[in-house]
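Tertiary structure, described
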Amino acid sequence: MRRPLLGHLGLRRRHDGSTHIRPGGALVLCVVVWLVCAATVLESAWLLGIDGWRFAVLPAAVSAAVWALLWAPRVVVHEESIEVRNVFETRLLPMASIERVRLGAMLRFDLVPAEEGDEPTVITAWNAPGVGRDKPRERLARADGRARAGDAAARPGWAERLRRDQLESPSYAAVAAWERWDLRHRSRAPDAEGAAAEPTR
């Protein structure tokens with residue numbers, strides 16, 4: 001499944017086997033802001049010399065805020081666990097503690113209830129790429145003339161479009177990792193209980 005350029009930027013596999021997920025647009029924005037801040041500090045030092053440090057405080061604060069809000073938060077997928085790094089909290093979720101992974105507007109993890117009958121705890125990955133709002137009219141407008149003239153019944157339905165968008169999202173790496181673990185350790189297909197067979201939002 002081909003991903004847009006920003007999708008490739010948001011998915012990074014490390015040498016230790018882990019996969020880091022965050023929005024590609026956030027990476028671009030961080031780099032642009034840091035370059036502007038660095039240029040501001042260098043210009044102040046060039047024009048004012050040592051007194052230019054006073055003008056470095058604000059760029060440093062902005063750089064730190066961008067790092068805390070956009071760079072540091074991410075989802076790290078390991079073979080036996082998924083790490084959700086949010087702004088104020090980091091949760092390490094063993095695969096065995098996850099009941100279902102849902103990819104919609106946000107990436108969410110439903111945890112296995114501590115006691116039977118309890119509602120599952122839901123962990124939301126604040127900075128993980130989700131699936132955009134479905135806009136079939138815009139999709140149709142972008143289609144070629146032959147596709148627009150085709151039979152309406154041949155056009156993909158909502159579920160098919162959502163599934164395609166999920167597969168294109170960098171966050172699907174977390175869904176796929178949990179499905180593989182679930183299949184390997186519980187000896188059942190990912191759709192045995194409808195956890196991943198039907199698109200969920």
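The following refers to the structure shown. (Residues numbered from 1 in each chain as written. Predicted model: local features only at pLDDT ≥ 70, side-chain atom pairs only at ≥ 80, totals over all residues. Heavy atoms only, no water.)

**A few points about the nonpolar core**
Val-75, Ile-82, Ile-98, Leu-107 and Phe-109 are the most contacted members of the largest nonpolar core, which totals 27 residues. Top element by residues in this core is helix H7 (residues 172-186). It accounts for 8 residues. Beyond its immediate stretch of four places on either side in the chain, Val-75 contacts Thr-19, His-20, Ile-21, Ile-82, Glu-83, Leu-107, Phe-109, Ala-125 and Ala-128. Judged by nonpolar contacts, the second largest core, of 6 residues, contains Ala-26, Val-33, Val-66 and Leu-70. (Core = buried A, V, L, I, M, F, W, Y, C linked by side-chain atoms within 4.5 Å. Buried < 20%, exposed > 50% of the residue type's maximum accessible area, 1.4 Å probe, protein only. Helix = DSSP H or I, 4+ residues; strand = E, 2+ residues; numbered from the N terminus. Contact = heavy atoms within 4.5 Å.)

**Section: the pattern of salt bridges**
Considering all chains together, one arrives at 5 salt bridges under this definition. Of the charged contacts, one joins Asp-110 and Arg-102 as a salt bridge, the two residues approaching to 3.0 Å between their closest N and O atoms. Overall, the relative accessible area of 6% leaves Asp-110 in the buried class. Judged by its relative accessible area of 15%, Arg-102 is buried. What emerges from the salt-bridge pattern is a single network uniting Arg-100, Arg-102 and Asp-110. (Salt bridge = Lys/Arg side-chain N within 4 Å of Asp/Glu carboxyl O.)

**So, helix H3 (residues 57-71)**
For H3, which comprises 15 residues, the first-to-last C-alpha distance of 20 Å matches the rise-based estimate of 21 Å (1.5 Å per residue) to within 8%. For H3, the full list of buried residues reads Pro-59, Ser-63, Val-66 and Leu-70. The arc that holds every buried residue of H3, seen down its axis, measures 70 degrees, which confines them to one face. Exposed side of H3, more than 90 degrees from the buried face: Val-57 and Leu-58 are the residues found there. Looking at the buried positions of H3, the neighbouring elements they touch are helix H2 (24-48). (Expected span 1.5 Å × (residues − 1). Arc of directions from axis to C-beta.)

**Structural notes on the packing of aromatic side chains**
Scanning the entire structure with this criterion turns up 1 aromatic pair. Of note, Arg-22 hangs over the ring of Trp-71, and the distance from its end group to the ring centre comes to 4.2 Å. (Phe/Tyr/Trp six-rings, centres within 6.5 Å; stacked < 30°, edge-to-face > 60°. Lys NZ or Arg CZ within 6 Å of the ring centre and 35° of its normal.)

**What to know about the sheet that holds strand E4 (residues 81-85)**
The 5 strands lie next to each other as E1-E2-E3-E4-E5, forming an open sheet whose pairing is antiparallel. What marks the edges here is a single partner per strand, and that holds for strand E1 (11-13) and strand E5 (90-94). Each adjacent strand pair in this sheet contributes to an overall mean axis angle of 15 degrees, direction not counted. The pairing of E1 with strand E2 (residues 19-21) spans 3 bridges and is antiparallel. Among the inter-strand pairings, Arg-12 is bridged to a residue of E2, identified as His-20. (Pairing = 2+ DSSP bridges. Axes fitted to C-alpha atoms, helices over the stretch in contact; angles between N-to-C directions.)

**Some points on the pairing of E5**
Inspection of the sheet shows E4 paired to E5 by 5 bridges, in the antiparallel sense. Looking at E5, one finds that Val-84 is bridged to Arg-91. Hairpin geometry of E4 and E5 is characterised by an intervening segment of 4 residues between the two adjacent antiparallel strands.

**A look at the environment of Pro-120**
As for its placement among the helices and strands, Pro-120 is situated in the loop between strand E7 (107-111) and strand E8 (122-125). Along the sequence, Pro-120 and Phe-109 sit 11 residues apart, while their C-alpha atoms lie 9.4 Å from each other. Beyond its immediate stretch of four places on either side in the chain, Pro-120 contacts Glu-99, Asp-110, Leu-111 and Pro-113.

From the geometry alone we can't say anything about function, so treat these as descriptive.
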